[in-house]
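# Structural overview
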Amino acid sequence: ATRAAFRKRLGITEDAPMLLFVGRLHTVKRPVHTVRAFCDANAEPAHLVMVGMDGNLTAEDVRRTVPSEKQPFVHLTGPLSGDDLDMAYRAADGFVSLSFQENFGYAAAEAIARGLPVILSPGHDLAYDLPRTVEGRITCGWLLPDDSVGQAAMAIVEWAAMARGLGKTTTEMGAAGRAWASEALSRERFRERLRGLL
């Protein structure tokens, strides 16, 4: 019901894949690059929902970069917190952050813990702690090899295809991330690491 309510507010149908961005609208977080990658991916009927307060960019700055034909598929909500932010995570089918640098990446950690497949730039320190497949990719999504818009667009194309027709794959990615987060980011693990410093 929470998922449906959030999507209804934005005019997103239940069967349309929804990719979530959560972060300040700041050049370091690369919201304009995120819009460009999403639009280049031509992933309709997927939608991009961008949650965050203005930084050195405003929501209007970002909105102006969306081509007119893509505007129905890109949504800027402004800042959300508490139950409203929870609704956004529940409504999503994936998470994207193309930030140049994230020393930890709280929004990404939150998405992983909630079982969302993630598309992460190489600037996410947390990504290098994530479990890998035998081929070397992260088990819960995509860790991009560089900061290019092209690589991000390719990952969005793959994510959208999986979310539309191969839901089992994105579900498995989400489950792998949630299992890792419940162990690696638990209070117990944090307590053990603090004790190890003594």
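Our structure's up above, just so we're on the same page.
Residues numbered from 1 in each chain as written. Predicted model: local features only at pLDDT ≥ 70, side-chain atom pairs only at ≥ 80, totals over all residues. Heavy atoms only, no water.

### Some remarks on the packing of aromatic side chains
Our working rule: We call Phe, Tyr and Trp rings a pair once their centres come within 6.5 Å, taking the six-membered ring for Trp, and we label the pair stacked below 30 degrees between planes, edge-to-face above 60, and tilted otherwise. Under the scheme applied here, a residue whose accessible area is under 20% of the maximum for its type counts as buried, over 50% as exposed, and between as partly exposed, the area being computed with a 1.4 Å probe on protein chains only. For a ring to carry a charge above it, either NZ of a lysine or CZ of an arginine must fall within 6 Å of the ring centroid while also lying within 35 degrees of the normal to the ring plane.
What the rule picks out here adds up to one aromatic pair. The interplanar angle of 55° and the centroid separation of 5.0 Å between the aromatic rings of Phe104 and Tyr106 together place this pair among those described as tilted. Taking the relative accessible area as the measure of exposure, Phe104 reaches 29% and is therefore partly exposed. Across from the ring centre of Phe100, 4.6 Å away, lies the NZ or CZ of Arg30, which sits over that ring.

### Remarks on the pattern of salt bridges
Using the following cut-off: A carboxyl oxygen of Asp or Glu within 4 Å of a side-chain nitrogen of Lys or Arg is what we treat as a salt bridge. Strands here are runs of E lasting at least two residues and helices are runs of H or I lasting at least four, both read from the DSSP assignment and numbered beginning at the N terminus.
Under the definition given, this model contains eleven salt bridges. We note a salt bridge from Glu60 to Arg63, for which the minimum N-O separation is 3.3 Å. Here Arg63 and Glu60 lie together in helix 3 (residues 59-63), a separation of three residues that amounts to about one turn. Classification of Glu60 by relative accessible area gives partly exposed; the value is 38%. Across the pair Arg90 and Asp86 runs a salt bridge, and its minimum N-O distance is 2.8 Å. You can see Arg90 and its partner Asp86 sitting in helix 4 (residues 82-91), four residues apart, about one turn around the helix. Put simply, Arg3, Arg7, Glu14 and Asp93 are held in one network by salt bridges that share partners.

### A closer look at the pairing of strand 1 (residues 18-22)
Rule in force here: For two strands to pair, DSSP has to find at least two bridges joining them. A clockwise course of the path from the first strand over the helix to the second, judged with the strands pointing away from the viewer, identifies a crossover as right-handed.
The element strand 1 is extensively covered by neighbouring structure, given that four of its five residues are classed as buried. By the bridge criterion, five bridges tie strand 1 to strand 2 (residues 47-51) in an arrangement that is parallel. Across the sheet, Phe21 pairs through a bridge with Met50, a residue of strand 2. In this fold, the crossover linking strand 1 to strand 2 by way of helix 2 (residues 31-41) has right-handed handedness. Bridging between strand 1 and strand 4 (residues 94-97) involves two bridges; their strand directions are parallel. Among the inter-strand pairings, Leu20 is bridged to a residue of strand 4, identified as Phe95.

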